[in-house]
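# Overview (structure and organization)
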Amino acid sequence: MHLFTVTAMALNLVLLLAASCARAQTVNAPSLAPRQPVRIKGVISDIQGGLVPGAHIVIACAQPQVTEQTTADAAGFFSIGGLPAGTYSVTISAPGLKTYAIHNLQLRPGETYSLPEVSLPIARTSADVTVTVTTEQIADAELHDELKQRVFGVLPNFYTSYQWDAAPLKPKQKLRLTVRAAIDPVFLGTTAITAGIQQAQNTYPEFGGGPAGYWSRYGADYGDAVIGRFMGSVVFASVFHQDPRYFVMGNGSWQRRSWHAISSTFMQRSDRTRRFEPAYSQFLGDATTGLLSSTYHPGSGPGKLVLDDTILDLGNKAVNNLIREFVLRHLAKNVPSYAKGKPPED
């Protein structure tokens, strides 16, 4: 009986020690945060515009240490996902073409990065080409392509991005986009037509008739549009770090695409997080435009103009976004081949 009691006590002691160790391991075990992998993709061509199927791509990160390799498909496209966040380099090579390398690509958790279309020069020597690019340089290249986009090759389509993961714009790039739109001949012409219609309908009768009345209406219409774009797309967009462009989804069900188009009326993409947030810059831009336009619109109170400008702009944006999402991609010229909307896997 005494031996049995001692044995039972020893067994209980072992079980207590085991339970204590298990609790300690549970307490001290690191919490596993949800993994948010990143993805890098792109399209490879040569300098003559020909696709380069089978190009060899090596993606490397020093911290954490990662090396991944793949080859471009028949369309010159490659995509490598499941990567941890970090600073990456991408090296692209193909027989008979010079090697192309990009360094210092800083990717945040959950980010999908699309390389601007890579054109490999023909290798006349054994020298390689190494390029170090910044986010601003990538944004410059993408903006350069966007400023060529025109519907039917005529109507400007500058504020539409078909590159879902486009690099965020710096303030000077937002200013460049706004100035380019403001001086476009098509915009100047449509403003002239609008002023003519207002003159015929005697809109804003305080401006009077004749050439003086016409040019007063023209100046007011031009001022409303330019001030609104400048305040909403440059000043407040820079203050709140928001992107003034519309990002075309282009893939998915029509319900999702419609919701994206309509919600983008009230939401804008953050330059910092690349997520959508309330369009503070657009709302404040409309309000500021209404206040300023009351100084050159005789007989119109600032409160009415603020309300009119805000409601009119929101309505126009909702309709324009739906047209951008479903129609203009088929009509716009000079859209880059690498810009294909939101990737299906996202």
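Residues numbered from 1 in each chain as written. Predicted model: local features only at pLDDT ≥ 70, side-chain atom pairs only at ≥ 80, totals over all residues. Heavy atoms only, no water.

Let's shift gears to the overall build of the protein. Scanning the protein from N- to C-terminus turns up eight helices and 17 strands. The 346 residues of the protein split such that 40% are buried. If you take every contact in the protein between residues at least 6 apart in sequence, the share linking residues at least 24 apart comes to 66%. Approximately 18,500 Å² of the protein is accessible, and the part contributed by carbon and sulfur atoms is 63%. (Helix = DSSP H or I, 4+ residues; strand = E, 2+ residues; numbered from the N terminus. Buried < 20%, exposed > 50% of the residue type's maximum accessible area, 1.4 Å probe, protein only. Contact = heavy atoms within 4.5 Å. Areas by Shrake-Rupley, 256 points an atom, 1.4 Å probe, with all protein chains shown as cover.)

As summarised here, the arrangement of the three strands in space is S13-S15-S16, forming an open sheet in which the pairing is antiparallel. The sheet terminates laterally at strand S13 (242-243) and strand S16 (276-278), the two strands that pair on one side only. The pairing of S13 with strand S15 (residues 267-270) spans two bridges and is classified as antiparallel. The partner of Asp243 across the bridge, within S15, is Arg269. (Pairing = 2+ DSSP bridges.)

The next subject is the packing of aromatic side chains. One pass over the full model with this rule turns up eight aromatic pairs. Ring centres 5.9 Å apart and planes at 70° place the aromatic pair Tyr204 and Phe207 in the edge-to-face group. According to the relative accessible area criterion, Tyr204 is partly exposed, its value standing at 24%. Taking the relative accessible area as the measure of exposure, Phe207 reaches 15% and is therefore buried. (Phe/Tyr/Trp six-rings, centres within 6.5 Å; stacked < 30°, edge-to-face > 60°.)

Most often, soluble globular proteins keep nonpolar side chains buried together rather than apart. If you look at the biggest cluster of nonpolar residues, it comprises 36 residues, and the most contacted ones within it are Ile40, Ile44, Ile59, Tyr88, Ile92 and Leu115. Looking at this core element by element, the count peaks at five residues for strand S6 (residues 97-107). Among all residues touching Leu115, those that are not within four sequence positions of it are Lys41, Gly42, Phe78, Val90, Ile92, Ile102 and Leu105. Among the nonpolar cores identified, the runner-up in size contains ten residues, and Tyr162, Leu328, Ala332 and Ala339 belong to it. (Core = buried A, V, L, I, M, F, W, Y, C linked by side-chain atoms within 4.5 Å.)

Turning our attention to the sheet that holds strand S10 (residues 150-151). Read from one edge of the open sheet, three strands run S11-S10-S17, paired in antiparallel fashion. Looking at the sheet topology across the chains shown, the edges are occupied by strand S11 (155-156) and strand S17 (332-333). Pairing of S10 with S11, which is carried by two bridges, proceeds in the antiparallel orientation. The residue of S11 that forms the bridge with Arg150 is Pro156.

It is worth spelling out the packing of helix H2 (residues 135-146) against helix H3 (residues 171-182) at this point. Helices that pack against each other are described as a pair by the angle of their axes relative to one another and the distance between those axes. Interhelical geometry of H2 versus H3 gives an angle of 10° and a closest axis separation of 11 Å. Viewed along their axes, H2 and H3 adopt a mutual orientation that is roughly parallel. Across the interface between the two elements, Glu136, Ala139, Asp140, Leu143 and His144 of H2 pack against Lys172, Gln173, Arg176 and Leu177 of H3. Here the residues of the contact of H2 with H3 are counted per class, giving three nonpolar, two polar and four charged. (Axes fitted to C-alpha atoms, helices over the stretch in contact; angles between N-to-C directions. Parallel < 35°, antiparallel > 145°, perpendicular 65-115°, else oblique. Nonpolar A, V, L, I, M, F, W, Y, C, P; charged D, E, K, R; others polar.)

As a further point, take empty space enclosed by the protein. Within this structure, the stated rule accounts for one cavity of 30 Å³ or more. Roughly 40 Å³ of volume is contained in the largest cavity. Around the largest cavity, the lining residues are Glu142, Glu146, Gln149, Ser161, Tyr162, Gln163, Pro336, Tyr338 and Ala339. A breakdown of the residues in the lining of the largest cavity according to their chemical character gives four nonpolar, three polar and two charged. (1 Å grid on protein atoms, 1.4 Å probe; cavity = no way out; pocket = protein on both sides within 12 Å on 5 of 7 lines; lining within 4 Å. Points joined across faces, edges and corners; volume = space filled by probe spheres on them.)

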